[in-house]
Amino acid sequence: VDYSNNQEHFKNPDEALADHLALAFVFLDLKFNDELFELFWKKKNKRRWKEFIRFIGTTLQSQKDLSKFAKNIIKKLLRFWDWALEKIDEPEVLSAFGYWVDKDINILQDKEVIKKVADILEKSNGEWENRYALVEKLPEFSQINLKQTLKIIRSFFLIKNDEKRRRRSWFMEYRDYKERIKAIFQKALENPDLREGTETLISDLMEKIGEPFWELEKLVI
């Protein structure tokens with residue numbers, strides 16, 4: 001479709017299409033094996049794909065009436081997350097799952113998504129939207145699955161992009177965030193099964209990022 005004419009659109013057509021399909025997928029019984037769903041994901045369009053995932057996340061954040069989300073819908077959303085992990089290789093697209101993780105989302109339980117978050121971050125090479133929300137969730141995640149939380153911390157802070165790695169280290173400049181993250185490491189170091197891996201992670205953070213993480217050395221000594 002050619003959108004290069006002078007017609008004005010209230011929203012980018014690719015994003016509008018993705019939004020409508022996302023709504024149909026969540027609320028109108030659009031299925032994985034429906035032709036429309038398959039066509040949407042068959043033709044590579046990162047903008048559309050990312051918006052589909054992002055829109056579902058922002059919809060989850062905005063919904064106050066949890067009765068709309070029957071168990072079959074929740075099951076479907078979790079299945080889509082697994083489907084995306086298997087089918088999508090674009091880090092930029094996968095990063096939109098960041099909008100599915102927020103303190104205001106009560107529909108998907110932390111215990112159901114924590115490993116999925118870790119797996120997405122690993123596959124996306126650390127790319128993640130809605131970053132503050134993720135860091136705020138780390139203490140809650142650590143109460144459920146400390147090992148996966150450490151995996152999330154590794155992928156998130158040791159992102160391969162040098163500039164993004166420096167920017168993310170700024171979380172350690174804020175006392176609240178720093179203390180929460182230190183508490184997670186302290187707890188992990190007290191676990192014999194996690195201590196060696198935690199020491200390695202601390203060493204990697206200090207070596208590859210530097211000063212913002214130097215204080216963690218005190219936990220190891």
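Anyway, here's the lowdown on the structure attached to this text. (Residues numbered from 1 in each chain as written. Predicted model: local features only at pLDDT ≥ 70, side-chain atom pairs only at ≥ 80, totals over all residues. Heavy atoms only, no water.)

From N to C terminus, the chain includes 12 helices and 0 strands. Along the chain, helices and strands appear, N-terminal first, in the series α-α-α-α-α-α-α-α-α-α-α-α. Its C-alpha atoms put the chain at 60 × 40 × 30 Å along the principal axes. Going through the 221 residues of the chain one by one, you find that 49% of them count as buried. Taking as baseline every contact in the chain between residues at least 6 positions apart, the subset at least 24 positions apart corresponds to 71%. Of the accessible surface of the chain, which amounts to about 12,600 Å², a share of 47% is contributed by carbon and sulfur atoms. Between the mean site of the 41 positive side-chain charges and the mean site of the 40 negative ones, the chain shows a separation of 2 Å. (Helix = DSSP H or I, 4+ residues; strand = E, 2+ residues; numbered from the N terminus. Buried < 20%, exposed > 50% of the residue type's maximum accessible area, 1.4 Å probe, protein only. Contact = heavy atoms within 4.5 Å. Areas by Shrake-Rupley, 256 points an atom, 1.4 Å probe, with all protein chains shown as cover. Lys, Arg positive; Asp, Glu negative; His and termini not counted. Charge placed at Lys NZ, Arg CZ, Asp CG, Glu CD.)

Should their charged atoms come close, side chains of opposite charge can pair. Counting across every chain of the model gives 24 salt bridges. Lysine 31 is the partner of aspartate 29 in a salt bridge, and the nearest nitrogen-oxygen pair spans 2.6 Å. When its relative accessible area of 48% is taken as the criterion, aspartate 29 is described as partly exposed. When the shortest N-O distance is used, the salt bridge between arginine 195 and glutamate 199 registers 3.0 Å. Placement of both arginine 195 and glutamate 199 in helix H11 (residues 195–208) is noted, with a separation of 4 residues, approximately one turn of the helix. Look at glutamate 199 and you get partly exposed, because its relative accessible area is 28%. Among the ionic contacts, a cluster of salt bridges with common partners joins Lys44, Lys46, Glu90 and Glu92. (Salt bridge = Lys/Arg side-chain N within 4 Å of Asp/Glu carboxyl O.)

Further remarks concern a nonpolar patch on the surface. Taken together, the side chains of Leu23, Phe27 and Leu28 define a hydrophobic patch exposed on the protein surface, amounting to about 280 Å² of accessible area. Along the chain, phenylalanine 27 turns up in helix H1 (residues 13–27). (Patch = residues over 30% accessible without salt bridge, like charges linked within 9 Å, V, L, I, M, F, W, Y side chains within 5 Å.)

What follows is about the nonpolar core. Counting 71 residues, the largest nonpolar core has Phe52 and Phe80 as its most contacted members. Ranked by residues supplied to this core, first place goes to helix H4 (residues 71–87) with 9 residues. (Core = buried A, V, L, I, M, F, W, Y, C linked by side-chain atoms within 4.5 Å.)

A word on the environment of arginine 154. For arginine 154, the location among the structural elements is in helix H8 (residues 146–157). Placed 50 residues apart in sequence, arginine 154 and aspartate 204 show a C-alpha to C-alpha distance of 8.8 Å. Every residue in contact with arginine 154, bar those within four places of it in the chain, is listed here: Thr200, Leu201 and Asp204.

Moving on: unusual backbone geometry. Its identity as a non-glycine residue notwithstanding, aspartate 29 has a phi of 70°, on the positive side. Looking at the secondary structure, you find aspartate 29 in the loop between H1 and helix H2 (35–42). If you check the backbone angles, asparagine 125 has positive phi at about 60° while not being a glycine. As for its position among the elements, asparagine 125 is in the loop between helix H6 (110–123) and helix H7 (131–144).

Quick look at the packing of aromatic side chains now. Applying the stated criterion across every chain yields a total of 30 aromatic pairs. Relative to tryptophan 100, the ring of tryptophan 81 has its centre 5.3 Å away and its plane inclined at 80°; by these criteria the two rings are edge-to-face. With tryptophan 81 in helix H4 and tryptophan 100 in the loop between helix H5 (91–94) and H6, this residue pair connects regions lying 19 residues apart in the sequence. Feature note: the residues Phe25, Phe32, Phe37, Phe40, Trp41, Trp49, Phe52, Phe80, Trp81, Trp83, Phe97 and Trp100 constitute an aromatic cluster, connected by ring pairs. If you follow lysine 76 out to its NZ or CZ, it ends over the ring of phenylalanine 25, 4.3 Å from the centre. In this structure, arginine 168 is placed above the aromatic ring of phenylalanine 156, and the distance from its NZ or CZ to the ring centre is 4.4 Å. (Phe/Tyr/Trp six-rings, centres within 6.5 Å; stacked < 30°, edge-to-face > 60°. Lys NZ or Arg CZ within 6 Å of the ring centre and 35° of its normal.)

Another point: the environment of lysine 187. Examined against the element boundaries, lysine 187 turns out to sit in helix H10 (residues 175–189). Residues lysine 187 and serine 142 lie 45 residues apart in sequence; the distance between their C-alpha atoms is 8.9 Å.

Another point: the environment of phenylalanine 171. On the secondary structure map, phenylalanine 171 appears in the loop between helix H9 (162–168) and H10. For the pair phenylalanine 171 and lysine 208, spaced 37 residues apart in sequence, the C-alpha to C-alpha distance is 16 Å. When near neighbours in sequence (up to four residues on either side) are disregarded, phenylalanine 171 contacts Arg131, Tyr132, Val135, Phe156, Phe157, Tyr177 and Lys178.

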